[in-house]
Structures are given as structure tokens and as C-alpha cells.
Amino acid sequence: MTYNIALLPGDGIGPEVVTEAVKVLETVGEKFSHTFNFSTYLLGGCATDKYGVPYPEETAKGCKASDAVLLGAVGGPKWDQLPVHQRPEQGLLAIRSDLELFANLRPAALRPALKDACPLREATADRGFDIMIVRELTGGIYFGKRNRYEDPEKGVVASDLMEYSEKEIERIGRRAFELAALRRKKVTNVDKANVLETSRLWRSVMHRLSEENPDIEYQDMYVDNAAMQIVRDPAAFDVIVTENMFGDILSDEASMITGSIGLLPSASIGSGAPALYEPIHGSAPDIAGQGIANPIATILSAAMLLRYSFKLGAEADAIEAAVDKALNEGYRTPDMSGGVKKVSTVEMGEIIRKNI
Ligand code: NAD
Ligand code: IPM
Ligand code: MN
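Rules of the game
Residues numbered from 1 in each chain as written. Chains lettered and ligands numbered in written order. Predicted model: local features only at pLDDT ≥ 70, side-chain atom pairs only at ≥ 80, totals over all residues. Heavy atoms only, no water. Helix = DSSP H or I, 4+ residues; strand = E, 2+ residues; numbered from the N terminus. Buried < 20%, exposed > 50% of the residue type's maximum accessible area, 1.4 Å probe, protein only. Axes fitted to C-alpha atoms, helices over the stretch in contact; angles between N-to-C directions. Left-handed = near helix turned anticlockwise from the far one by under 90°. Contact = heavy atoms within 4.5 Å. Nonpolar A, V, L, I, M, F, W, Y, C, P; charged D, E, K, R; others polar. Core = buried A, V, L, I, M, F, W, Y, C linked by side-chain atoms within 4.5 Å. Near = heavy atom within 4 Å. Polar contact = N/O pair within 3.5 Å; in protein donor to acceptor, adjacent residues only side chain to side chain. Areas by Shrake-Rupley, 256 points an atom, 1.4 Å probe, with all protein chains shown as cover. Arc of directions from axis to C-beta. Pairing = 2+ DSSP bridges. Right-handed = clockwise from strand over helix to strand, strands pointing away.

A. Structural context of unusual backbone geometry. With omega at -10°, the peptide bond leading from Ala273 into Pro274 counts as cis. Tracing the chain through its elements places Pro274 in the loop between β11 (267-269) and β12 (275-277). Positioned with a positive phi, Lys311 is a non-glycine residue whose angle comes to about 55°. Structurally, Lys311 can be placed in the loop between α10 (296-309) and α11 (313-328). For Lys311, a relative accessible area of 66% puts it in the exposed group.

Here's what the structure looks like:
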């Protein structure tokens, strides 16, 4: 089979980690007799540099014509002072919205080889955990009206509107229950219904979905408590469903207890093709260009791409097994503690490819 993949390397470490993921996909292609055609487009700061906007028309067209999209990361200090419409992050929000990628699946599981890299107490790490964070990705405070004005008495005032509709909540909720049905059959709804009206609506929709899914265990949890419970007893979670910003924050927290933010992949999925696959981490300007970024989050994002968009389960399994083998053998990029041998981005990519 032939598959067309649009690549968006982006900024900072983005190109470094995407390069390794592409090489891994090429190895999988050879092993399993698939042809992956790659087309590269600009997104983020690099696009603003060339076109004056972070999500150019050419990128939109190319991604829409592809079967799936693989993204590195965008952003960096170089672009932080630009007006909103030229900021790299705005490009990321624009593509998620344009492709209607409302469901962002962020799996945070402790790989057995990384027990020694987990910062939690040994007994907790020994029990392991496997959480699927289902983050709403095209609504809420990320996409509400923003305002900034000068008030004669208060000085400058700014606001960001958080808005959710019943329909938006229902479609992400359904994804969470569907996923839970294929896993350990438990949904934890995370919100701030003791304060926010959007959360009260969110919770009432989740309760309705819970009634429709009596075989799925269901609980509500306030987001502040959830942030605490994730480090106290991560094994208690199966699927977490939550709004855009809470999901952003909790997934960075969850990534660290798996050993490093450099490990966590994600799939951003809508109703139709193409979906977009992205590590949860950013462009890591502090280490960009040094050749030490962890490519595993992007390589595992490529595995999710094969599994979800192309239904190539065996091929995705092969990538995940190759990653586990590299970790079991003690190879670590510098962001992960433990192990026996520190390796570079390219070396880690090579080792994973050899294991396929
Ligand atoms: P970040 O995720 O880029 O980095 C946070 C810390 O984690 C840094 O110390 C970094 O070195 C480390 N880190 C991240 N990924 C790593 C990897 N693969 N290997 C090793 N270490 C890794 O978050 P930040 O510093 O808050 O943001 C930097 C820039 O990235 C900002 O411009 C931000 O807007 C952007 N950002 C983009 C995305 C995205 O494109 N999806 C996500 C988050 C942040
Ligand atoms: C992420 C990032 C983005 C987000 C930023 C860069 C817009 O933090 O993908 O987690 O907040 O969604
Ligand atoms: Mn984030």
C-alpha cells in the first residue's frame, strides 16, 4: 500500500525529532512492504519567517490532501513578541481548528523499563499505570474571544472567554466512553464544576453519557484534586476526559511520571481524515540544536499514526516493541534518568530502527 504523510517539523527540536520518526517509518515501510510518501510543509515560527503567517495556505492544502499529518513542535523566543496572528502557537491552534481535530488522545503509561526513571515512590512505580487523557482540543478558553483595553481607573484590563456548547462536550465525551470500553472501562471526568459554569454544563453532559454507558465505571473529579491524585495514585485512572486547558496542564504532569515529557505521544483526531499526530512537548528552545532531544514521543506518535489512521496495528506494535527494547537495554537520552548509556537524538533513533 502507498500512504501519503504530511510532515510539519516546525521549530526548535521539532525538525530533529521528526527526522528520527521519519527514518523509523521508512524502516517500517521496508520491513512490511509499504510505501510512505512524505511531503514537508511549514508550520509555526518557520512559516511566519517565510510567509508572514504561521499556518500558510500551502500548508493547509498539503495537509488536507494527505492521509495523515505528523508534527514536531512549534514556537520559540524568537517569535514571542510578535502580534498574536503571527505567533507560532496560533498556527498550531489554527490547524487543529481547521482540520476539526476536537479529540486529543494523550496516553501516559509507565513502560516497565522506565520504572527507575519514574519520580514517584518505588511502590507506586512498581504498581505501574496506564492513563489515557482525552483532551478537548478545539474549544474552551483557547478559542474564546480575547480582549485587552485600557481602563481609566484600573489600567490595562485583559480577558479570555471560556465557552463550551453541549454539542462540543458531547462529541468529546462520546470518544472518551468509546475508548474506555476498549480499555479498563473507567472514565474520570475532570472539571471545575464547583466554580465554572462551563464545567457545570460539561458535567451534566458527561452524566447523561454515563447513563447511556452503564457498563463503564464513572466518576467526577475537580481538576485541582486530579492534579494531586495523578501523582498520589496514578494506577487509579483509566480514561480521563477533560476540557482543553485542563488537559494541556494535566498531560505535562502525567508525562513526567512516565519518566520524561520527551516520551509522550498524542493523536489529534476529528470526524474524518486526516488526523494529526504530535508529541505533547514543545520546541524545547533550551536544548534545540544540541542533538540531545528525546525523539521517542515523536516516534511513538508515528506509531499512533500507523495504528489509528492507517489501521496498521502490527507495524505500530513493532515500533512500540523497538522502543521498549531500546529502553530495556538501558539507552537513555539525557532527559531520562536511570539506564546505563546516555545517547543522542540520532543514536536513539538508530537503536530503535535496528530493533524493528
Ligand atoms: P517544552 O515542552 O518545549 O519544554 C519544557 C522542558 O522540557 C524544557 O526543559 C525542554 O528542554 C524539555 N523537553 C521538552 N521536550 C523534550 C524532548 N523531546 N527531549 C528532551 N527534553 C525535552 O515547553 P516550554 O519550554 O514551555 O515551551 C517552549 C516553546 O514550545 C514555547 O514557544 C511553547 O509555546 C512551545 N510549545 C509548543 C508545543 C507544540 O508545538 N505542541 C507544545 C508545548 C510548547
Ligand atoms: C500542547 C501545547 C500547545 C497547547 C500550545 C503550544 C498552543 O502546549 O500541544 O500541549 O497548549 O495546546
Ligand atoms: Mn502543552
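B. Representation of the packing of α11 against helix α12 (residues 345-354) within the structure. Their axes nearest at 8 Å, the elements α11 and α12 cross at an angle of 120°. Judged by the twist between their axes, the crossing of α11 over α12 is right-handed. Two secondary-structure elements touch here, α11 through Ala322, Val323, Ala326 and Leu327 and α12 through Met348, Ile351 and Ile352. Considering only residue class, the contact of α11 with α12 consists of 7 nonpolar, no polar and no charged.

C. Expanded view of the nonpolar core. Within the largest apolar cluster, 84 residues are counted, with the highest numbers of intra-cluster contacts made by Phe36, Val134, Ile296, Leu306, Phe310, Ile319 and Ile352. Residue contributions to this core peak at 8 residues, all from α10. Counting residues in hydrophobic clusters, the runner-up holds 15 residues, among them Ala6, Leu8, Leu92 and Leu99.

D. Highlighting the environment of Ile287. Along the chain, Ile287 falls in the loop between β12 and α10. Along the chain, Ile287 and Gly12 lie 275 residues apart, while their C-alpha atoms are 8.2 Å from each other.

E. Structural detail: the site of ligand 1. Around ligand 1 lies a shell of 20 residues, among which Val74, Glu89, Gly282, Ala284 and Asp286 are the nearest. Within the side chain of Glu89, one N or O atom sits 2.5 Å away from an oxygen atom of ligand 1. With respect to ligand 1, the backbone of Asn294 contributes an N or O atom lying 2.9 Å from a nitrogen atom. Coverage of ligand 1 by the protein amounts to 70% of the 800 Å² it exposes when considered alone. Its residues placed into classes, the shell around ligand 1 shows 10 nonpolar, 7 polar and 3 charged.

F. Looking closely at helix α8 (residues 223-232). Turning to α8, its buried residues number three or more, namely Val223, Ala226, Gln229 and Ile230. Burial along α8 is one-sided: seen end-on, the buried residues are contained in an arc of 110°. Close packing links the buried residues of α8 with β8 (186-191), β9 (217-222), β10 (239-242) and α9 (244-257).

G. Main features of the site of ligand 2. Taken together, the neighbourhood of ligand 2 is formed by Glu89, Leu92, Arg96, Arg106, Arg135, Tyr142, Asp248 and Ile280. Contacts to ligand 2 include Arg96, whose side-chain N or O atom sits 2.7 Å from an oxygen atom. Here an oxygen atom of ligand 2 sits 2.8 Å away from a polar atom, N or O, in the side chain of Arg135. Burial of ligand 2 by the surrounding chains reaches 79%, relative to a free accessible area of 320 Å². When residues in the shell around ligand 2 are grouped by element, the largest group, 3 residues, is from helix α4 (residues 88-98). A breakdown of the residues in the shell around ligand 2 according to their chemical character gives 3 nonpolar, no polar and 5 charged.

H. Up close: the sheet that holds strand β2 (residues 35-40). The strand order β2-β1-β3-β12-β11-β4-β5-β10-β8-β9 describes an open sheet built from 10 strands, whose pairing is mixed. One side of each edge strand has no neighbouring strand; the edge strands of this open sheet are β2 and β9. Put simply, the sheet's adjacent strands are angled 25° from each other on average, direction ignored. Here strand β4 (residues 103-109) runs beside strand β5 (residues 130-136); their pairing, made up of 7 bridges, is antiparallel. Residue pairing in the sheet places Pro107 in a bridge with Met132 of β5.

I. Representation of the pairing of strand β1 (residues 2-10). Counting buried positions over the 9 residues of β1 gives 7, a clear majority of the element. Sheet topology note: the β1/β2 ladder contains 6 bridges and is parallel. Residue pairing for β2: Thr2 is matched across the bridge by Thr35. Regarding topology, helix α1 (residues 14-32) serves as the crossover connection from β1 to the parallel β2, and that connection is right-handed. Where β1 meets strand β3 (residues 68-73), 5 bridges bridge the pair, whose relative direction is parallel. Bridge assignment links Gly10 to a residue of β3, and that residue is Ala73.

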